[in-house]
Amino acid sequence: MSADISLLVVGGGPAGMSAALQARELGANVTLLEAAQVGGTNLNRGPAPVRTLARAARLARDWSSWSTFGLEGPPPVPNLSAILANSERVARYAHEKKDVAGHLRRNGVNLQEELGPVRFIDPHTLAVDGGDTWSADRIILAVGGHAGRLLIPGADLAFTYEDIPSLTSLPRSAAVVGGADTGCQIASILDDFGVSVSLFEAGPVLLPAADASVSAELGRSFRDQGMTVHTDTLVEALGTDGGAIRVDYRSGPASGQLVADAVFFAVGWPANVSQLALEAGGVHATSRVIPVDDYLRTNVEHIFAAGDTNGRSMLVQSARMEGRIAATNAILGPSRQPTYDVVPSGSFTDPEYGRVGLTEAQAAQEHDVVVGIARYDDLLRPVADGHLDGFCKLIVDRGTHGILGAHVLGEYSAETVQTVAACMAGAMTIDQVAELQLAFPTFTEGVSMAAQKICRTLGIGRFPQAWSYLGLND
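Thresholds, definitions, all that
Residues numbered from 1 in each chain as written. Predicted model: local features only at pLDDT ≥ 70, side-chain atom pairs only at ≥ 80, totals over all residues. Heavy atoms only, no water. Helix = DSSP H or I, 4+ residues; strand = E, 2+ residues; numbered from the N terminus. Rg over C-alpha atoms; globule rule 2.2 N^0.38 Å. Buried < 20%, exposed > 50% of the residue type's maximum accessible area, 1.4 Å probe, protein only. Contact = heavy atoms within 4.5 Å. Areas by Shrake-Rupley, 256 points an atom, 1.4 Å probe, with all protein chains shown as cover. Lys, Arg positive; Asp, Glu negative; His and termini not counted. Charge placed at Lys NZ, Arg CZ, Asp CG, Glu CD. Pairing = 2+ DSSP bridges. Axes fitted to C-alpha atoms, helices over the stretch in contact; angles between N-to-C directions.

Draft legend 1. Here's a closer look at the overall build of the protein. Regarding its fold elements, the protein presents 14 helices and 21 strands. Over its C-alpha atoms the protein spans a radius of gyration of 24 Å, differing by no more than 12% from the 23 Å that the globule rule assigns to 474 residues. When the 474 residues of the protein are sorted by exposure, 51% land in the buried category. Taking all contacts inside the protein whose residues are at least 6 apart in sequence as the whole, residues at least 24 apart take part in 61%. Summed over its atoms, the accessible surface of the protein is roughly 21100 Å², and 51% of this surface lies on carbon and sulfur atoms. Taken together, the 34 basic and 52 acidic charged side chains of the protein have centroids lying 3 Å from each other.

Put into structure tokens, the structure is as follows:
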């Protein structure tokens, strides 16, 4: 049956590529339409290249600790053009070495790149300017998203996440508007490069979706690094001030102004829906997302939406999973539902943070929770590396001993939290995690130490108090 089904995938990012390959695996005839170059924001402008920028920024930061390790030398001088060229190397690797486009074509996907915007003609047909059209039995929309902007006077004066590769020099000062994941990441990279950074967040804390302990500790760390952090603050307008930009803001009844060489917006990631002519396809959408049901179907039964397009998870790993599930449901019928209970994620801030599962506040709403925290200054590896700030926090259900969430702040946190994610996916209880013989000395060792602390609280496993627990943080 599947060999007789044709599928159009619109968008060649992680969700679209995964959907196309999965559909081919199931025997469908697949055409993938990509407005620009296959790979999407993920490979071409987003997490992979920006992680390379974060690496360069971290190396610049590490110069300040050289003397601790007996090293001498002048501080490195950032060469932005060379730094950006190196970040582009990551995108080129995916295309030139891994041959992403060739891989799709070798697997039987009819890949159409550099099309520009495509739009619906009818519920089964899409077209591009110039007249080319494509029709199919099923359609998966995986068009990704773009950096949002505040609707305020002077908004066009600001850069966004997507403009970073086009910078020709580092500003001496910068204002970053938006204190969630992307804003904190931009602010952190700029700060490590020596830029004077002011960070604005409309809510009461940075990282409003994160665990409260991570939000508080990251905010403290940013301030200790010399960053100016404004929370509960609304940016109301931007204006020119000579060759700089004036930021007008309000915190409660108090108003203020700040002048910076550059302003960066990090205020959301709406889906790329405006040019799809969704009304011609009968698809309902908001200005930011295309809503889907539990099977990733839109309101039109044969049209699905995956990845950032539906606004559910906004993570590359989720986009890949959704792409596979949308393709399976499109070709074989609605049978699989995506789950988001165990989706580890991390950010390239300084310090890094990683998370999986519920925050402590979320878990406490429906569970009797027990929390265990292993602080980095209780572990030998952070001491050896000179990065003592950080912790590994585990959240457990008191009755079932199951892990509900984990939150890690500090070096290698994104890697560390994935250890917990694997334990959660395997339904391991906290005493089983506490028994893991994790390598010494590593940052990941904090997982078993936090687990053993919880076991001592619960009175299970009979774990002795380890030497590394002794001291003020016990």
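Draft legend 2. Region of the structure containing the pairing of strand β18 (residues 353–357). Of all the five residues making up β18, four are buried; the element is thus mostly covered by neighbouring parts of the structure. Note: strand β17 (residues 345–347) against β18, three bridges, orientation antiparallel. Each residue of the ladder has a partner; that of G346, found in β18, is G354. Taken together, β17 and the strand that follows it, β18, pair antiparallel across an intervening segment of five residues. Two elements, β18 and strand β21 (residues 403–409), share five bridges in a ladder whose sense is antiparallel. Paired with G357 across the two strands is G405, which belongs to β21.

Draft legend 3. Representation of the sheet that holds strand β12 (residues 234–241) within the structure. Taking strand neighbours across the sheet as the criterion, the three strands line up as β12-β13-β14 in an open arrangement whose pairing is antiparallel. Looking at strand neighbours, the two that pair on one side only are β12 and β14 (254–260), the edges of this open sheet. Here the strands of the sheet are splayed against their neighbours by 20° on average, with no regard to which way each runs. Pairing of β12 with strand β13 (residues 244–251), which is carried by seven bridges, proceeds in the antiparallel orientation. Paired with V235 across the strands is Y249, a residue of β13.

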